[in-house]
Amino acid sequence: MSRVQPEKSTGRKGKAACALLLATSMFALLRPTALHAQETELRGEVSESAILSDQQRKARQLAQAAQGQAPTNAAQDDASARTYLPASAGAVPDDTDAADATADGSIFGPPEATGDTPAGIQAPPKPRRRSSTAGQNAADQTKDKAADKSRKKKKSTATATDITASTTASTTDASDSADTPDEETANRRALTIDSADKQKLDPGAKRTDAIEGQKKKPEDDPFAATGVKWGSFVIRPTIEQGLTATSNGDSSNAGKSALLSETALRFSAASDWRENSATIDGYGLFRETVSGYPVHNEQGRIEGQLNVDLDNELRAIAKLGYEAVPESASSPDAIAGVSKQPLRQTVNGSLAVEKHIGKMQYTLTGAVSHDFYGDAKLSNGTSLSQKDRDSTLYTATLRTGYEISPALTPFTEIEVGRRAYDQRIDNEGFERSSTRLGARAGLALDMGEKLSGEFSAGWLREAIDDKDLDAISGATVNADLKWSPERGTTIGLTGRTTVEPTTTANESGDILYSGRLTAERQIRANLTGNAALGLDWRDYVGIDGHDRIWSAEAGLTWWLNRYAGLTTRVRTEQLTSNLPGRDYTANSIFLGVKVQR
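Basis of the calculations
Residues numbered from 1 in each chain as written. Predicted model: local features only at pLDDT ≥ 70, side-chain atom pairs only at ≥ 80, totals over all residues. Heavy atoms only, no water. Helix = DSSP H or I, 4+ residues; strand = E, 2+ residues; numbered from the N terminus. Buried < 20%, exposed > 50% of the residue type's maximum accessible area, 1.4 Å probe, protein only. Contact = heavy atoms within 4.5 Å. Phe/Tyr/Trp six-rings, centres within 6.5 Å; stacked < 30°, edge-to-face > 60°. Lys NZ or Arg CZ within 6 Å of the ring centre and 35° of its normal. Polar contact = N/O pair within 3.5 Å; in protein donor to acceptor, adjacent residues only side chain to side chain. Core = buried A, V, L, I, M, F, W, Y, C linked by side-chain atoms within 4.5 Å. Salt bridge = Lys/Arg side-chain N within 4 Å of Asp/Glu carboxyl O. Pairing = 2+ DSSP bridges. Patch = residues over 30% accessible without salt bridge, like charges linked within 9 Å, V, L, I, M, F, W, Y side chains within 5 Å. Areas by Shrake-Rupley, 256 points an atom, 1.4 Å probe, with all protein chains shown as cover. pLDDT = per-residue confidence, 0-100.

Colleague: I would appreciate a short explanation of the overall build of the protein in the present structure.
Modeller: Summing up its helical and strand segments, the protein has seven helices and 22 strands in all. Within the span of the protein, comprising 597 residues, buried residues form 29% of the whole. Put simply, 56% of the contacts in the protein that link residues at least 6 apart link residues at least 24 apart.

Colleague: Help me understand the packing of aromatic side chains, please; the structure alone is not making it clear to me.
Modeller: The geometry of an aromatic ring pair is captured by the separation of the ring centres together with the interplanar angle, meaning the angle of the planes. Taken as a whole and judged by the stated rule, the model has one aromatic pair. Relative to Trp273, the ring of Phe233 lies with its centre 5.7 Å away and its plane at 75°, an arrangement referred to as edge-to-face. Of this pair, Phe233 sits in strand β2 (residues 233-246) while Trp273 sits in the loop between β3 (258-271) and β4 (277-292); the two residues are 40 residues apart in sequence, bridging distant segments of the chain. With a relative accessible area of 36%, Trp273 lands in the partly exposed category. Between Arg389 and the ring centre of Tyr373, over which it is positioned, the NZ or CZ distance is 4.0 Å. A cation over a ring is seen here: Arg569 above Phe590, with NZ or CZ 4.2 Å from the ring centre.

Colleague: Before we go on, may I ask you to explain the side chain of Asp547 in this structure?
Modeller: By secondary structure assignment, the location of Asp547 is in strand β20 (residues 546-559). Separated by 2.4 Å, the side chains of Asp547 and Ser577 make a polar contact. The contacts of Asp547, once residues within four sequence positions are left out, are Asp536, Trp537, Arg538, Tyr540, Thr576, Ser577 and Arg582.

Colleague: Explain the nonpolar core to me, please; I cannot follow it from the model alone.
Modeller: As a rule of thumb, soluble globular proteins bury nonpolar side chains together. Listed in full, the five residues of the largest apolar core are Leu460, Ile472, Val499, Ile511 and Val541. Excluding residues that lie within four positions of it along the chain, Val541 makes contacts with Asp470, Ala471, Ile472, Ser508, Gly509 and Asp510.

Colleague: What exactly am I supposed to notice about the pattern of salt bridges here?
Modeller: Any two side chains of opposite charge can pair, given that their charged atoms come close. Scanning the entire structure with this criterion turns up 30 salt bridges. The salt bridge partner of Arg419 is Glu462, with a shortest N-O separation of 3.0 Å. Here Arg419 is found in strand β13 (residues 408-421), whereas its partner Glu462 is found in strand β15 (residues 451-464), with 43 residues between them in sequence. Each member of the pair, Arg419 as well as Glu462, is classed as buried. Beyond isolated ion pairs, a larger network of salt bridges with shared partners links Arg399, Glu413, Glu415, Arg419, Arg436, Arg440, Glu454 and Glu462.

Colleague: Sorry if this is basic, but what is going on with the sheet that holds strand β10 (residues 376-378) here?
Modeller: Two pairing modes exist for strands in a sheet, parallel and antiparallel, and in both the strands are linked by backbone hydrogen bonds. Spatial ordering of the open sheet is given by β7-β10-β11, a layout of three strands whose pairing is antiparallel. The strands lining the two open edges of the sheet, one partner per strand, are β7 (338-340) and β11 (383-384). Strand direction decides the pairing type here: β10 and β11, joined by two bridges, are antiparallel. Looking at β11, one finds that Ala376 is bridged to Leu384.

Colleague: Would you explain the pairing of strand β6 (residues 314-326) in this entry?
Modeller: Each regular strand shows side chains that alternate between the opposite faces of the sheet. Sheet analysis places strand β5 (residues 296-310) next to β6, joined by eleven bridges and oriented antiparallel. In the strand pairing of β6, Leu306 is matched with Ala318. Between the antiparallel neighbours β5 and β6 lie three residues, among them Asn312 with a positive phi of about 55°.

Colleague: Would you take a moment to explain a nonpolar patch on the surface for this structure?
Modeller: Residues Ile239, Leu265, Phe286, Trp558, Leu560, Leu566, Val593 and Val595 make up a contiguous nonpolar surface patch of about 670 Å² in total accessible area. Relative to the helices and strands, Ile239 resides in strand β2. Here Ile239 falls in the partly exposed class, since its relative accessible area comes to 37%.

Colleague: Honestly, unusual backbone geometry in this entry has me stumped. Any pointers?
Modeller: Leave glycine aside and you will find that most residues have negative phi; peptide bonds, for their part, are mostly trans. In the Ramachandran plot, Ser251 falls in the positive-phi region, its phi being about 50° despite a non-glycine side chain. Tracing the chain through its elements places Ser251 in the loop between β2 and β3. The class of Ser251 is partly exposed, set by a relative accessible area of 23%. Backbone geometry places Asn506, a non-glycine residue, at a positive phi of 65°. Topologically, Asn506 is positioned in the loop between β17 (489-501) and β18 (509-524). Classification of Asn506 by relative accessible area gives exposed; the value is 59%.

Colleague: Can you help me understand the environment of Asn248 in this one?
Modeller: Within the element layout of this structure, Asn248 appears in the loop between β2 and β3. With residues near it in sequence (within four places) discarded, Asn248 still touches Gly255, Lys256, Ser257, Tyr584, Thr585 and Ala586.

Colleague: Can you walk me through the confidence of the model for the protein in this structure?
Modeller: For residues with low pLDDT, the predicted coordinates do not support detailed interpretation. Per-residue confidence for the protein gives a mean pLDDT of 79, with 69% of residues at or over 70. Confidence drops under a pLDDT of 50 for residues 1-10, and excluding neighbours within four residues, the segment shows two contacts in the predicted structure. Between residues 69-81, whose pLDDT stays under 50, and residues either more than four places distant or in other chains, the model counts 14 contacts.

Colleague: Just to check I follow, could you spell out the pairing of β2 for this structure?
Modeller: The pairing of strand β1 (residues 228-230) with β2 spans three bridges and is classified as antiparallel. Pairing of Val228 across the sheet is with Ile235, part of β2. In this antiparallel pair of consecutive strands, β1 and β2, the connection spans two residues, and Gly231 shows a positive phi of 65°. Here β2 runs beside β3; their pairing, made up of 14 bridges, is antiparallel. What sits directly across from Val234, in β3, is Ala270.

Following this line, the structure appears as structure tokens:
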């Protein structure tokens, strides 16, 4: 029969232990203890300086333990170690007790349990949180100082090979640097970027001259005209005044010696535009008799040119000119027995379009030239009209070239035109209007300042409407070349073929071939010499007649300064003809002053 067993003392003791353990656990849970992560300030970013300080502290403890020394007080380590301050505000409560720091000073250890503050002992003031930025800057500064001290000590101690001892020494130097004066811990002046390139001045080096005292580069032509700025143009005017002594005042068969006052005005203007360009050139010549054979001569010309660059390698060139020249006494149309030859005025203009396609060059030019004459004054005071000589010449020229090289471009030209007289039938009953046709082939040169220009040869024919008059036809030669064999010397060659119509009865006109060879030499900077040789040949159509005119000229210009100089020239000219009453010889010498701006 069973009966109840008495309770043993061991069972009662086990139940009491379980109850005590449960009560302790409940008390621990109910106790208001701050979280470990909050007490050790592990929220937010962990500064590298805090981690480095912790590692240095542990290395120092290991080194002291190896030497048999007791570890230093944790409180001292905590004072030297900087408390981590998170960057975000509010991560750590302001009332965190400083005594909650770990016993070993590590930021990774558990919090140390502390009791309540005893009565009568005032609690230490709670530390104020520093700005995270300021803490970070201070930690970085301490790190930089410790690194500098470590490098210096490594250089002075060559036998230190132990990594742990080196780390301990650098930590000790870092802690000592906190006690150094402010002047040692102040920021050192940073070196400039170019400090390595700077070198000390050589006291024996020669002193450099001032910029104002340096020698200027000499000008190519120190006596050239500087010009006057007017709007977007630069104008270079020149005036020449002097006396001419000649053996033939008007270069005619009946001319005699005279002393003439000669005034020449010349000017040139060039634009300074960025893309296009324009030029204007002109001259005026006035000759009056001072003594001897009476001469009253006035003539002048002005011409402008405009260059416009269009798209697709297309360029337009426009020209416009005006000229007023009295009929020369040696002209085939000169009127005998007059006191004053008629004044011939010419207005001409042209428009050309240039197109480049690869190496091919095409130029189409249209030109108009109108000549009109004034009345001739006879010796008896009456006048003789020259209206039947007024005419207009229309021409169109197509030029095709192929660029063999930048310096050589052969070309061909075809010209068609029409000469129309204002008076269809002249005073002698002839129809003087004519049709013009010509062809040429030539070569264009472009070798810079050394050699440039072009020359051509061909055939030209003008058929007159009147069947009783022969057509004016013949070979043509044209040239415009400049050659510079050396600096300061320029040699030029020009050639031109001109058709000269006439209103003389039973005559068609003539062809005039003109050639001129010039040379200019800069002897000195202020002394320039020039020379010229000329040869003209006039072939009459319908009659067996011809003229030969040759001329020679030499001159010097001595510049006193950039704006004024003395000039002189000697000239001789002779005309020889198989027609009666046309031969003459004229010799002259000129001395004057030349002023330019």
